[in-house]
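# Examination of the molecular architecture
Next come the chains, spelled out residue by residue.
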Amino acid sequence: MILTDFHVLIFISAELLFGFILFRAGIEAIRVSRGWQPGSSSEAQIILERRTWLVSAALYYLSGFSLILLVLFLQIINNHLPGVIQGAMCADGILELNRYGYPALLLKLAQIPFLAFFLLFNWLDRREPEFPLTPLKYYWLAPLAIFWLSGFLSELIFFNQIEPDVIASCCSISFEAARLPGLAVSIETFGAVYWRIILFFLPGLVLLLNHYRRYVAAVLLSLAWTGLSLLTLKGYFVKFIYARPTHDCLYDILWAQYYGIGYVLYGLLLSGLIGQLFLLLWPVLQRRLKNPPLHLEQRLRLVVTVAQFLYLGLIGVYWWYWIFFKL
Amino acid sequence: MSCIRLESVHKVFQKDQPNELHVLRDINLELPPNQVTVIRGPSGSGKTTLLAVLGCLTKPNSGSYYCLGEPVSRWPEAFLTVFRRRHIGLIFQNFNLIPGLSVAQNLAAPLLVTEMKHSAVQQRVTETAGLVQISHRLQAPVETLSGGEMQRVAIGRALVNQPQIIIADEPTAHLDSALAAEILQLFALLHRNGNSIIIATHDPAVTTHLPVDRVFTMKDGQLSRHDSY
Amino acid sequence: MSAKYGHILDYALRGLYRRRARNLSLILIYAAVTGFFASVILFSDALRREARETLQFAPALTVQKLAGGRLVPQTTGFGDSLSAIRGVRAVQPRIWGYYYDSPTGSVFTLMAAPGGTSDPAFHPDSGQIVCGRGFMESHFLRTGDPLSLVLPQGGLRTFVISGQFEPVTNLLSYDLLLLHPAEARVMLGLAEYEVTDFALDIPNPAETDAIGLKISRRFPGYRLISRDQVLLTYEALFSRRGGLVIFGGLLSLLAFIVLAWDRASGLSREERRELGILKGVGWGSGDVLLLKFFEALTIAVLSSLLGLLAALIHVFYLGGTLLKSLLSGWSVLYPDYPLNYNPDSGSLLLILTISVLPYLVATLIPAWQGAVTDPAEIMQAG
Ligand SMILES: Nc1ncnc2c1ncn2[C@@H]1O[C@H](COP(=O)(O)OP(=O)(O)OP(=O)(O)O)[C@@H](O)[C@H]1O
Ligand SMILES: [Mg+2]
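Residues numbered from 1 in each chain as written. Chains lettered and ligands numbered in written order. Predicted model: local features only at pLDDT ≥ 70, side-chain atom pairs only at ≥ 80, totals over all residues. Heavy atoms only, no water.

## So, the coordination of the magnesium ion (ligand 2)
The reference angle at a metal is 109.5 degrees if four donors form a tetrahedron and 90 or 180 degrees if six donors form an octahedron. Residue and element names in this part refer to chain B. The line we're drawing: Because no water is among the atoms considered, metal sites can look incomplete, with donors defined as N, O and S atoms within 2.8 Å of the metal, or 3.2 Å for Na, K and Ca. Only DSSP runs of H or I reaching four residues or more are called helices, and only runs of E reaching two or more are called strands; each is numbered from the N terminus. Exposed residues in this analysis have more than 50% of their type's maximum accessible area, buried residues have under 20%, and partly exposed residues fall in between, with area computed by a 1.4 Å probe over protein chains only.
Here the magnesium ion (ligand 2) is held by the protein donor atoms Thr48 (OG1) and Gln93 (OE1), which lie 1.8 to 2.7 Å from it. Of the two residues, Thr48 sits in helix α1 (residues 47–54) while Gln93 sits in the loop between β5 (88–91) and α3 (103–108), which places them 45 residues apart along the sequence. The partly exposed category is assigned to Gln93, whose relative accessible area is 24%.

Next comes the structure, spelled out in structure tokens:
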């Protein structure tokens, strides 16, 4: 349906634009990495320095684009396609249409940390005249390119395999079309009170671990907490956002009728995770810098903690509002 | 502490190409602060190129340059730019004003990439305009100015960042002798205010209006010192 | 926001204003391209939504007979076999077909008045006809006027118009002609015991699929259309047309990008000189890049919003007039169909994305080239 649905068509074109810039930036990055001579004032080095500007600018663009593309992708699978595809109510049903749906979404999400890493590395790099992180920072482009390419291919196959007109031409297919598969594990178990206690207690532990610079443990715990957040959200908290006890969709909260609160919640989860991952890299990185920014580490810890507690606060508000005023 | 120190600086254009041009050869130079330095030399001898190096606009191919104690020749362009913005005021051979903008906007241009607030920028522009005596034409488009006024704006723009070092490339070339005298008196005032001044010029009038400390002659890319003009 | 960003943004806007003659023409062309695009998207989105709303009232399941891939008439007796199936509450035989109207070149739907409704306005007697408003208006007719239709075997038959449908949101009734069943058969060339298809009333929607499956097993050779399927056909139809038009649009967008590229990469000599001076007086490459980004963003967002606004007015206020003349397929299908205002934020975001991003991309490399001009250049510049 790539060629027949212009929402998809436009999305794919925008992805191609993204790919084009990434490609262009990648070429420059390779050139720079190959010829880089720190401390040299040769003509060639000056030209390479100028090329680094293009890479930086391109990656700022890519960061903005990747967020826009993510929102666009969510809009398409969450708002547009459910209106086109029979039987699908939200993104979940759409993504389940074939094997490539979820990989496409996950690969899109996976690009964001790499962009964030690059931008942070770039910022640190440009603070010192030796450019201590060049060409190291450009290595982030490799996983980014791989994730983009595989994500893009998944999207192509995913959209290409969705065939709304097949149903119209042959009835037997439509009547035997698969229903949404049910979840194997009952998500309801994550509504249990002890899961909720763990959910609210873990960020405190993460804070403590970060304070004592136990970053590996903190990353693992943050990952676990983020996973638990999603499970408890689906099993329990999201119902208070919908104010409907039977509704546990994780995508509908992205809709305008819920004020797009989903973007805020997922944004907080993602930024907390990115901050935490960056903290993991920080001790290694710090050694390469002559003049590391004074408060970066504290600020990153703050980002992690604020993101995690803000998330808890937000779902807490929905939850308590319901408990105190409605019950 | 010396204000400027060049150690065997070379500048070559089109390096390793058939039309290679060795413009600066083994330049050594040390200037104490708050002096007036004049660089003379025939056309094409490399004066402007030397000023570009001194002004942190371009990097030497080899040798080192210490400006206000900093090893600027080792820095990448981006850091040179910041350094130049803080410490060096440049007055170009041609006024190089931005057409279409008013005098005030031209004066403000270097401040726009600093974190100065809008009101502070305005105030600095007004002060600077007063210093170079162009306050009466602040809102005029620069195309409508006379040559002398244009040069005042160009000087004002170089001063607006309150630099320690002022570098001027033939500041009197396009002016008649009366206007030239006025401009040179302005430089004298800046010198009294504590600035270091480096001027490239053919104009012998500089000595009559300026307390010149050192005179150098540029010839075929090499610099030699004179005791007097 | 840092003061520096404010200064640079201010400088960018003033710069755009200074070169307003040049930028205005760019913005107008840009807005026109976006407007065209946005019109196509909004128009087909709106049509699709109308179809969905309409079809909510369509029968749950329709049974048609196919021969050689073409729809053929069925006998009324088959309806009894269908009503014997469990879960089917009622079977409604339907008589309908298309009428090609040569004066307007449009195709209208001809239908026998359905049984069951009691409203006399929808029950033309023999010699009478009830028309959709689209038909009435395109033929300048009023209730009570005579109307002659061409019979399939040639010759004319004259009816008296006994009523008119009001188009509520009803895409289908807009071009519909209702006749007495006997006369509808004559007009469509059906025998007395023949009908076009059967509409099944299935009270429990969850059973539709099972019943459909049962019928298709028991009576092979019949085509079953569920309401959802019809919906999908419409979706696919609109989307395919939209896709084709978008293809044309994509080409024009490409042309526009080339144009934009050309203009932006040919940073005019004055612009180059200005950037050189700025770099000379202390602007860094990053500052110039930011300046160029602000300029590009302003142009892109301004033009896109302008184009979007034009498209909204065009599609929902002027009824997509310009587009219809381009898309002959639509104008044949739906003569003059008024659209309700209903774009969603997703479509608007989509339009802005496809409009803004290409320009930003096209201007990136020229901006970079301007940003890394050698600051020493202006020492020599004459
Ligand atoms: N960017 C450049 N690329 C190539 N050649 C250059 C460049 N800049 C200057 N030159 C050359 O270097 C030589 C010295 O130029 P420079 O401008 O320094 O001389 P000058 O002493 O200032 O002359 P004038 O008195 O005419 O201003 C000239 O031959 C000039 O053509
Ligand atoms: Mg010169």
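Now that the structure has been shown, we can carry on.
## Quick notes on the nonpolar core
What counts is decided by this rule: Take the buried Ala, Val, Leu, Ile, Met, Phe, Trp, Tyr and Cys residues and link them wherever side-chain atoms come within 4.5 Å; each set so joined is a nonpolar core. Any two residues whose heavy atoms approach within 4.5 Å at even a single point are treated as in contact.
The biggest cluster of nonpolar side chains holds 187 residues, and the ones touching the most others in it are A:Phe159, A:Phe278, B:Leu54 and C:Trp283. Ranked by the residues each element gives to this core, the list is headed by helix α2 (residues 43–84) of chain A, at 18 residues. Not counting the four nearest positions on each side in its chain, B:Leu54 is found in contact with B:Ile4, B:Leu6, B:Leu29, B:Tyr65, B:Ile88, B:Ile167 and B:Ile198. Membership of the second largest hydrophobic core comes to 40 residues, among which are B:Leu97, B:Ala108, B:Ala140 and B:Ala158.

## Thoughts on helix α4 (residues 118–131) of chain B
Formally: Take the number of residues in a helix, subtract one, and multiply by 1.5 Å to get its expected span.
The end-to-end C-alpha distance of α4(B) is 20 Å, a good match for the 20 Å that 14 residues give at a rise of 1.5 Å each. Contacts from the buried residues of α4(B) go to α3 and α5 (147–159) of chain B together with α1 (3–18) of chain C.

## With respect to the sheet that holds strand β5 (residues 96–101) of chain C
Residue and element names in this part refer to chain C. The following threshold applies: Strands are labelled as partners when DSSP assigns at least two bridges between them. In this analysis an axis means a line fitted to C-alpha atoms, helices contributing only their contacting stretch, and an angle means the value between N-to-C directions, from 0 to 180 degrees.
One open sheet accounts for 6 strands, arranged β5-β6-β10-β7-β9-β8; its pairing is mixed. Whereas interior strands pair on both sides, the edge strands pair on one side only; in this sheet they are β5 and β8 (146–150). Pairwise comparison of adjacent strand axes, ignoring direction, gives a mean angle of 40° for this sheet. Pairing analysis gives 4 bridges linking strand β7 (residues 128–131) to strand β9 (residues 156–164), with the strands arranged parallel. Residue pairing across strands places Gln128 opposite Val160, the latter belonging to β9. Along the sheet face, helix α5 (residues 181–188) touches β5, β6 (106–112), β7, β8, β9 and β10 (176–179) and points at about 140° away from the line of β6.

## Some details on the pattern of salt bridges
Residue and element names in this part refer to chain C. The following threshold applies: Any carboxyl oxygen of Asp or Glu within 4 Å of a side-chain nitrogen of Lys or Arg constitutes a salt bridge here.
Under the criterion given, the structure shown has 27 salt bridges over all chains. The partner of Arg14 in a salt bridge is Asp10, with the nearest N and O atoms 2.9 Å apart. Of the two residues, Arg14 and Asp10 are both situated in helix α1; the distance of 4 residues between them amounts to about one turn of the helix. For Asp10, a relative accessible area of 35% corresponds to the partly exposed category. The salt bridge involving Glu274 is made with Arg19; its shortest N-O contact spans 3.6 Å. Here Arg19 lies in the loop between α1 and α2 (20–55) and Glu274 lies in helix α8 (residues 269–280), a separation of 255 residues in the sequence. Note on Glu274: relative accessible area 9%, which makes it buried. Residue Arg19 is classed as buried on the basis of its relative accessible area, which comes to 18%.

## Description of the domain arrangement of chain A
Residue and element names in this part refer to chain A. Formally: As annotated, the domain borders come from an automatic or database domain assignment. Buried area: the accessible surface (1.4 Å probe) lost by two parts on joining, summed over both. Under the rule applied, a polar contact is a pair of N or O atoms within 3.5 Å (in protein, one hydrogen donor and one hydrogen acceptor; residues adjacent in sequence only if both atoms are side-chain atoms). Under the convention adopted here, Pro, Cys and the residues Ala, Val, Leu, Ile, Met, Phe, Trp and Tyr are nonpolar, Asp, Glu, Lys and Arg are charged, and Gly plus all remaining residues are polar.
In terms of domains, chain A is made up of domain 1 (6–160) and domain 2 (180–326). Relative to domain 2, the C-alpha centre of domain 1 lies at a distance of 24 Å. Counting residues at the interface gives 29 residues for domain 1 and 22 residues for domain 2. Taking both sides of the interface into account, the surface hidden between domain 1 and domain 2 amounts to around 2,200 Å²; carbon and sulfur atoms contribute 74%. It is Phe117, Leu124 and Glu128 in domain 1 that bury the most area against domain 2; as a group they hold 21% of the surface buried on that side. The interface formed by domain 1 and domain 2 holds 1 salt bridge in total. A salt bridge links Lys290 to Glu130; its shortest N-O distance comes to 3.3 Å. At the boundary of domain 1 with domain 2, the tally comes to 8 residue pairs in polar contact (both at pLDDT 80 or more). Looking at the side of domain 1 that touches domain 2, the elements with two or more residues in it are α2, α3 (91–95) and α4 (101–126). Looking at which element gives the most residues to the side of domain 1 that touches domain 2, the answer is α4, with 10 residues. Per-class residue counts for the side of domain 1 that touches domain 2 are 20 nonpolar, 4 polar and 5 charged.

## Description of the sheet that holds strand β6 (residues 165–169) of chain B
Residues and elements named next belong to chain B. A sheet is described by the order of its strands in space; here 6 strands give the open sequence β5-β6-β7-β3-β8-β9, paired in mixed fashion. The open sheet has two free edges, formed respectively by β5 and β9 (222–226), since each of these has just one partner strand. Going across the sheet, the axis of each strand differs from the next one's by a mean of 20°, ignoring polarity. The pairing of strand β8 (residues 214–219) with β9 spans 5 bridges and is classified as antiparallel. Looking at β9, one finds that Val215 is bridged to His226. Each of β5 and β6 is contacted by helix α2 (residues 77–87), which is oriented at about 85° to β5, the strand it contacts most.

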